[in-house]
Amino acid sequence: MSDSDLPVVLIVEDEPDVAETYKLWLQQEYEVRMAQNGDEGLEQLDADVDVVLLDRMMPGLSGDEVLERIRERDLGCRVAMVTAVEPDFDILEMGFDAYLSKPIRSEQLHETVDNLLDRSEYDSLLQEYYALVEKQATLEATKSSAELAESDQYDELTERVAEMRDDLSETLGGIEDDSDFIATLRGLSDDDDN
Amino acid sequence: MTTTERQTMYDLTSVLEFDALSEVRPGSSILISGPAMSGKERLAHDILADGLRKGDGAVVVTTGDGAGSVVEEFRSLVPDLDDSQLGVIDCRGEGGTNEDAIGNAHVHHVSSPGDLTGIGIGITKALEGLHNAGNEQGRLALVSLSTMLTYTDKKTVFKFCHVLSSRLDSAGYIGVFTIDSGAHDDQTLQVIKQAFDGMVDVRDAEGGGREARVLGLAGEPTDWQQI
């Protein structure tokens, strides 16, 4: 666990002024770590890190290479690419969870980090939801409808499944946009590899 | 659910004559379940063809037929088909498609039915293509979940269905997904069902032909009825 309960954001950015600005904007709400290049970024990275802001064009390891190593380590953190040019759809195919194009404004940065944290929340809700659905299905597959009608456990499960379904549709507004959709699916495939 | 209010309901009764299917809410996902060879795929395609005739877009996620033959089939089901109203995500992971047959359809190839990210990207591109071609509403068919279940576990397929249903909900689409009820154990079927708003059960009728019933979309389950 990290020292504070705040979500941890790692900024990997080779321009010190830019990195400092991001830190100033974020440090009230998040624990911020900084790295000046890809190698330092990978050193600072551990299971506590929730979101990585990764500059794409850096001396040494490029953002793409850093991303690849992050995914290899299976840490489950979300990675936003920071880029000077407006990228196209291929960014999602490459495995980034979001992108920010420079210059970045404070609200934009907050929005992106919050959205990425919401996605992690969505993933864990979905996992919890599945666990309940599976329990419910096991009861349905092994008990008669008369037995189910009398089972308090089944009643309670059914209620919790319905509640959880509502919680899920409120997180991320369900799945509102393409990058939420693709990144969530990528998370599912990653689980599969474990 | 705030995105779908101004959109019109989907009427599926010209394909399946059930009152419960006369006003299907945009964003609904329906599981079509039945034994092998009971016409589930045909039913899913008929629902999409019906939509195409009414001006809805159509997206087919296929694990069995190639993109070329899907496009050909819809051309024969809907003689005045405008290809640009059709999207196909071909998940067989094979080349050798007859590219001539594809015309202006939005076609995307995915390496395998287990490549969920690839399928998602294909769906996103198809939805975008249909939107650019002027479609505000549409219908998506995934044929079949049973094949996906041979590539990945039920937990992943369940989550995939849930996430895709949410995406269809924000797009105002409806989705139909087929599953071979004889190919999976009861618990798996119960789990998968839970990812859907409703279900159409299909079976062979005793005196020949087929019958169906509708569960979970409006009111109590319907009776079995010849289709």
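Residues numbered from 1 in each chain as written. Chains lettered and ligands numbered in written order. Predicted model: local features only at pLDDT ≥ 70, side-chain atom pairs only at ≥ 80, totals over all residues. Heavy atoms only, no water.

Going by what an unreviewed UniProt entry lists, chain A is known as DNA-binding protein and is assigned to Haloarcula mannanilytica.

Draft legend 1. Highlighting the overall build of chain A. The helix and strand tally for chain A stands at eight helices and five strands. Helices and strands appear in chain A in the N-to-C order β-α-β-α-β-α-β-α-β-α-α-α-α. C-alpha atoms of chain A, sized along the principal axes, occupy 70 × 30 × 30 Å. Expressed as a percentage of its 194 residues, the buried residues of chain A come to 44%. Intrachain contacts of chain A at a sequence separation of at least 6 include 61% that bridge at least 24 residues. Accessible surface, chain A as shown: approximately 9,800 Å² in total, 44% of it carbon and sulfur. For chain A, the separation between the mean place of its 15 positive charges and that of its 53 negative charges on side chains is 2 Å. (Helix = DSSP H or I, 4+ residues; strand = E, 2+ residues; numbered from the N terminus. Buried < 20%, exposed > 50% of the residue type's maximum accessible area, 1.4 Å probe, protein only. Contact = heavy atoms within 4.5 Å. Areas by Shrake-Rupley, 256 points an atom, 1.4 Å probe, with all protein chains shown as cover. Lys, Arg positive; Asp, Glu negative; His and termini not counted. Charge placed at Lys NZ, Arg CZ, Asp CG, Glu CD.)

Draft legend 2. Representation of the confidence of the model for chain B within the structure. All names here are of chain B. Across chain B, the average pLDDT comes to 91, with 94% of residues at 70 or higher. Of all helices and strands in chain B, the one with the weakest mean pLDDT is strand β9 (residues 225-226) (90), whereas strand β6 (residues 174-180) scores best (98). Here residues 1-5 is modelled with pLDDT under 50, and outside its nearest four sequence neighbours on either side it reaches eight contacts, counting other chains as well. (pLDDT = per-residue confidence, 0-100.)

Draft legend 3. Layout of the nonpolar core. I119, I123, L145, F160, L164, F177 and I192 of chain B are the most contacted members of the largest nonpolar core, which totals 57 residues. Ranked by residue count, the leading element in this core is helix α5 (residues 106-142) of chain A, at nine residues. Setting aside chain neighbours within four positions, we find F160 of chain B in contact with L185 and L188 of chain A together with L116, I119, L142 and M148 of chain B. Grouped together as the second largest cluster of nonpolar side chains are 36 residues, L12, I32, L77 and V88 of chain B included. (Core = buried A, V, L, I, M, F, W, Y, C linked by side-chain atoms within 4.5 Å.)

Draft legend 4. Spatial organisation of the packing of helix α5 (residues 154-171) of chain B against helix α6 (residues 186-193) of chain B. All names here are of chain B. As a packed pair, α5 and α6 sit with axes 9 Å apart at the nearest point and diverge in direction by 20°. Considering the angle they form, α5 stands roughly parallel to α6. Pair α5 / α6 crosses with right-handed handedness. Note on element contacts: α6 touches α5 through Q187, T188, V191 and I192, opposite K154, V157 and F158. Of the residues assigned to the contact of α5 with α6, the class counts are four nonpolar, two polar and one charged. (Axes fitted to C-alpha atoms, helices over the stretch in contact; angles between N-to-C directions. Parallel < 35°, antiparallel > 145°, perpendicular 65-115°, else oblique. Left-handed = near helix turned anticlockwise from the far one by under 90°. Nonpolar A, V, L, I, M, F, W, Y, C, P; charged D, E, K, R; others polar.)

Draft legend 5. Highlighting the sheet that holds strand β5 (residues 138-143) of chain B. Residue and element names in this part refer to chain B. Spatial ordering of the open sheet is given by β4-β3-β2-β5-β6-β1-β7-β8-β9, a layout of nine strands whose pairing is mixed. Each having just a single partner strand, β4 (106-109) and β9 make up the two edges of the open sheet. In the packing of helix α2 (residues 67-77) onto the sheet, the strands contacted are β2 (57-62), β3 (86-90) and β4, and the crossing angle to β3 comes to about 150°. (Pairing = 2+ DSSP bridges.)

Draft legend 6. How the structure looks around unusual backbone geometry. For the bond from K102 of chain A to P103 of chain A, the omega torsion is -5°, close enough to zero to count as cis. Structurally, P103 of chain A can be placed in the loop between β5 (98-101) and α5. That bond from V143 of chain B to S144 of chain B is cis: its omega, 0°, falls within 30 degrees of zero. Inspection of the secondary structure assignment puts S144 of chain B in the loop between β5 and α4 (145-151). Of note in this structure, D74 of chain A is not a glycine but carries a positive phi near 55°. Within the fold, D74 of chain A resides in the loop between α3 (63-72) and β4 (78-83).

Draft legend 7. Up close: the UniProt feature "modified residue: 4-aspartylphosphate" (unreviewed entry) in chain A. Residue and element names in this part refer to chain A. Per the UniProt entry, the sites bearing "modified residue: 4-aspartylphosphate" (unreviewed entry) are D55 in this numbering. In this fold, D55 is placed in strand β3 (residues 49-55). If we skip the residues at most four places from it in the chain, D55 touches V12, E13, D14, G63, V82 and K102. (UniProt positions renumbered as here; feature names shortened; annotations may be inferred.)

Draft legend 8. Inspection of the interface of chain B and chain A at higher detail. Contacts between the two partners involve 29 residues from chain B and, on the opposite side, 32 residues from chain A. Around 2,800 Å² of area is buried between chain B and chain A when both sides are counted, 63% of it from carbon and sulfur atoms. Contact with chain A buries surface across chain B, with K159, V163 and Q194 of chain B losing the most and accounting together for 21% of the total. Remark: the boundary between chain B and chain A carries three salt bridges. (Buried area = accessible area lost by both parts, 1.4 Å probe. Salt bridge = Lys/Arg side-chain N within 4 Å of Asp/Glu carboxyl O.)

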